[in-house]
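Report on the structure
These are the residues of each chain, in order.
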Amino acid sequence: TPKSPLDKGAYLRSFTAYLPGRTLPMLPKSLTALISLHENADCPAHSVIFQIERATGKIVEYRRCHTLVRIAKRLDYGTVQRFIDTGEAPADWSAPFRSKMKMLTQITQKMRQIRLKEDRFLDLALPEIRVLCDENADKVSGVAAKIQRESEFVVEECMLAANSAIGQDLRKIGVAGLYRIHQEPEPDKLDEFMGLMADHFALSTGDLSHRENCLKFIASLPEGPRKPLILNMFLRALPRAMYAEKPALHYGLGKINYCHFTSPIRRYPDLVVHQQLWNYDLKQRT
């Protein structure tokens, strides 16, 4: 039985590992309501705290710790995006809060820029196609395309930084974990893609076996209806990402020692990593 709020959080996270037959992207609401972070409440969390150079976006250092987190305000992407685009903010956003949100947006933009320079990640931003369903009428009501916006990038950069930090941590302390890896593309798949681009789109890709040429090709694509199609075809020419017990290259992100840590109530690999680190911290078997 849990003896403290932190123990309770770990107990509930461990409990989710043994739910049988769960293949949904998220656990039932009745369970996630217990283990999610709540507004204006002290909630147990497993946190990664960064020190970031404001001028450049460079991560100077980080530390992992067990914390009690109090969420002062729950935000949504639409509201944050309006603030980024226009400066318009809800009435309950104080001046200090608006200042911090502006600073966070600027810092994550710089983090993305430095990640592009150092990791040379493949920018394959594709619209997410969603089928809209009318549950009451039990029929499809439409199709919508969701395009990633700056407000999503703010969260994405923080999540990528945390996943990378924990991947490095696992290796440094010698704890077994699940790593997210993405192998380099196979030459025949790249040749097939390059042929399709030349024959059907009249595009010269260059030798895509060199990463620099991949980056140049992606950056050269003009905006328009053809771009998502081409990026989707290129994505299909790449191997699928997978989980492995040892760290290796994540080709798409340009990272090594990368794991999934930030969604323990949605993804089982994240939960495994949390459990391994929790056991390490308690000096139990990992």
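Our subject in this report is the structure included herewith. Please read these numbers as outputs of a predicted model, since none were measured by experiment. (Residues numbered from 1 in each chain as written. Predicted model: local features only at pLDDT ≥ 70, side-chain atom pairs only at ≥ 80, totals over all residues. Heavy atoms only, no water.)

1. Focus on the side chain of aspartate 169
Applicable threshold: Working definition: helices are DSSP H or I runs of at least four residues, strands are E runs of at least two. Numbering for both runs from the N terminus. Each residue is assigned to one of three classes by its accessible area relative to the maximum for its type, calculated with a 1.4 Å probe on protein chains only: buried under 20%, partly exposed between the two thresholds, exposed over 50%. Contacts between residues were defined by any pair of non-hydrogen atoms, one from each residue, lying within 4.5 Å.
Tracing the chain through its elements places aspartate 169 in helix H5 (residues 150-173). Take aspartate 169: its relative accessible area is 8%, and that puts it in the buried class. For aspartate 169, the residues in contact, after removing those within four places along its chain, are Tyr62 and Arg64.

2. Section: the environment of isoleucine 256
Tracing the backbone through its elements, the reader meets isoleucine 256 in the loop between strand E6 (242-244) and helix H9 (268-281). Sequence-wise, isoleucine 256 and glutamate 150 are 106 residues apart; in three dimensions their C-alpha atoms are separated by 26 Å. If sequence neighbours within four positions are ignored, isoleucine 256 has contacts with Ala248 and Leu249.

3. Focus: the side chain of histidine 250
Mapped onto the secondary structure, histidine 250 falls in the loop between E6 and H9. Discounting residues that sit within four places of it in the chain, histidine 250 has contacts with Arg180, Ile181, His182, Lys255 and Tyr258.

4. Observations concerning the packing of helix H6 (residues 187-201) against helix H8 (residues 226-237)
So the rule is basically this: Only the stretch in contact is used when fitting a helix axis, every axis being a line fitted to C-alpha atoms; angles between N-to-C directions are given from 0 to 180 degrees. Should an angle lie under 35 degrees it is considered roughly parallel, over 145 roughly antiparallel, and from 65 to 115 roughly perpendicular; all remaining angles are considered oblique. Helix crossings get a hand from a simple test, with the near helix turned counterclockwise from the far one by less than a right angle marking a left-handed crossing and a clockwise turn marking a right-handed one. When residues are sorted by character, Ala, Val, Leu, Ile, Met, Phe, Trp, Tyr, Cys and Pro go into the nonpolar class, Asp, Glu, Lys and Arg into the charged class, and all the rest, Gly among them, into the polar class.
At a minimum axis distance of 9 Å, the contact between H6 and H8 shows a crossing angle of 160 degrees. Taken together, the axes of H6 and H8 are roughly antiparallel relative to one another. Of the two possible hands of crossing, H6 and H8 adopt the one that is right-handed. In this structure, H6 contributes Lys189, Leu190, Phe193, Leu196, Met197 and Phe201 to the contact, and H8 contributes Arg226, Leu229, Ile230, Met233, Phe234 and Ala237. Residue composition of the contact of H6 with H8, by class: 10 nonpolar, no polar and two charged.

5. Overview of the pairing of strand E1 (residues 42-52)
We count it as follows: Strand pairing is assigned whenever DSSP identifies at least 2 bridges connecting the two strands.
As paired elements, E1 and strand E2 (residues 59-70) share 11 bridges and run antiparallel to each other. Bridging across to E2, valine 48 finds its partner in arginine 64. The hairpin formed by E1 and E2 contains six residues between the paired strands, and glycine 57 there has a positive phi angle of roughly 85 degrees.

6. Comments concerning H5
Keep this limit in mind: Expected span, for any helix, means 1.5 Å times one less than how many residues it has.
Given a rise of 1.5 Å per residue, 24 residues ought to cover 34 Å, and the 35 Å separating the end C-alpha atoms of H5 matches this to within 8%. Of the residues flanking the end of H5, it is glycine 174, one or two places downstream, whose phi is positive at about 75 degrees.

7. A short note on the packing of helix H3 (residues 77-86) against H5
Where H3 meets H5, the closest approach of the two axes is 8 Å, and the angle between their N-to-C directions is 110 degrees. With respect to H5, the element H3 is oriented roughly perpendicular. Within the contact between the two elements, H3 uses Tyr77, Val80, Gln81 and Ile84 and H5 uses Glu150, Ser151, Glu152 and Val155. Here the residues of the contact of H3 with H5 sort into four nonpolar, two polar and two charged.

8. With respect to the pairing of strand E4 (residues 139-146)
Taking burial as the measure, the eight residues of E4 include zero buried ones, a minor fraction of the element. Sheet analysis places strand E3 (residues 128-134) next to E4, joined by seven bridges and oriented antiparallel. Paired with leucine 132 across the strands is glycine 142, a residue of E4. Counted between consecutive antiparallel strands, the loop separating E3 from E4 contains four residues, among which aspartate 138 sits at a positive phi close to 55 degrees.

9. A look at the state of the cysteines
Cut-off, in case you're wondering: In this description, a disulfide is simply a cysteine sulfur pair whose atoms lie within 2.5 Å.
Across all of its chains, the model carries zero disulfides by this definition. Between cysteine 65, a free cysteine, and cysteine 158, which holds the nearest cysteine sulfur, the sulfur-to-sulfur gap is 15 Å. By relative accessible area, which is 34% here, cysteine 158 ends up partly exposed.

The quantities given are spatial measurements derived from coordinates; they are silent on function.
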